[in-house]
Amino acid sequence: QVQLVESGGGSVQAGGSLRLSCTFSGYSHRPDCMGWFRQAPGKAREGVAAMDPDSAGRSTMYADSVKGRFTISRDNAKDTMYLHMNNLRPEDTAMYFCASRYFGCSLDRAPYNFWGQGTQVTVSS
């Protein structure tokens, strides 16, 4: 049974940093893509960052709103994916989810078929 478990959320002031972790297990075949999504109250879930862990250059993609501030990475030995978040802003406040999918990689949430339960990030001004 596939499981994804997020951790590392919390409350920080604007300009601060957090590192989210997503530990995954239970895959019979390693997913083609893993991503981070977020959902603020009253808003749709949006893609934040994604990576194809098996691509030669470990290709990554980011939402425009987080480019230059967030970095996605993965430690294969620990079966863990990370989201390093720097220079956080109040508008980054949301529940953050990790997810995985097969057949391609994008920030579109629809093709992702396994999801974690989420970890809350709150940024105060």
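See the structure printed just above.
Residues numbered from 1 in each chain as written. Predicted model: local features only at pLDDT ≥ 70, side-chain atom pairs only at ≥ 80, totals over all residues. Heavy atoms only, no water.

A. How the structure looks around the side chain of Ser100. Within the secondary structure, Ser100 is located in strand S9 (residues 94–101). Ser100 sits in the buried class, given a relative accessible area of 0%. Engagement of the side chain of Ser100 in a polar contact is seen with the side chain of Tyr27, the distance being 2.5 Å. The residues touching Ser100, leaving out its near neighbours within four places in the chain, are Leu4, Tyr27, Pro31, Cys33, Met34, Tyr112, Asn113 and Phe114. (Helix = DSSP H or I, 4+ residues; strand = E, 2+ residues; numbered from the N terminus. Buried < 20%, exposed > 50% of the residue type's maximum accessible area, 1.4 Å probe, protein only. Polar contact = N/O pair within 3.5 Å; in protein donor to acceptor, adjacent residues only side chain to side chain. Contact = heavy atoms within 4.5 Å.)

B. Main features of the pattern of salt bridges. A full pass over the atoms with the stated rule returns four salt bridges. The shortest N-O distance in the salt bridge between Lys67 and Asp64 comes to 3.1 Å. Each of Arg38, Glu46, Arg69 and Asp92 takes part in one network of salt bridges that share partners. (Salt bridge = Lys/Arg side-chain N within 4 Å of Asp/Glu carboxyl O.)

C. Here's a closer look at the state of the cysteines. What the rule picks out here adds up to two disulfides. Each sulfur in the disulfide pair Cys22 and Cys98 lies 2.1 Å from the other. Taking the sign of the S-S torsion, about 65° here, the bridge from Cys22 to Cys98 comes out right-handed. Linking Cys22 in strand S3 (residues 18–25) with Cys98 in strand S9, this pair joins segments that are 76 residues apart in sequence. (Disulfide = S-S within 2.5 Å.)

D. Local environment of the pairing of strand S5 (residues 46–51). Judged by how many residues are buried, S5 sits mostly within the fold: five of six residues are covered. The pairing of strand S4 (residues 33–39) with S5 spans five bridges and is antiparallel. From the neighbouring strand, Gly35 faces S5, where its bridge partner is Ala50. Here S4 hands over to S5 after six residues, with Gly42 in that stretch at a positive phi of 80°. Note: S5 against strand S6 (residues 60–62), three bridges, orientation antiparallel. Paired with Ala50 across the bridge in S6 is Met61. (Pairing = 2+ DSSP bridges.)

E. Here's a closer look at the environment of Asp75. Within the fold, Asp75 resides in strand S7 (residues 70–75). Residue classification places Asp75 among the partly exposed residues on the basis of a relative accessible area of 23%. Each C-alpha atom of the pair Asp75 and Ser125 lies 32 Å from the other, and the pair is 50 residues apart in sequence. Filtering out sequence-adjacent residues up to four positions away, Asp75 remains in contact with Thr80 and Tyr82.

F. Looking closely at the sheet that holds S7. Across the sheet, which stays open at both edges, the four strands sit in the order S1-S3-S8-S7 with antiparallel pairing between neighbours. Sheet topology places strand S1 (3–7) and S7 at the edges, where each strand pairs with a single neighbour. Each neighbouring strand pair of the sheet contributes to a mean axis angle of 15°, computed without reference to strand direction. Pairing geometry for S1 and S3, over five bridges, is antiparallel. The partner of Ser7 across the bridge, within S3, is Ser21. (Axes fitted to C-alpha atoms, helices over the stretch in contact; angles between N-to-C directions.)

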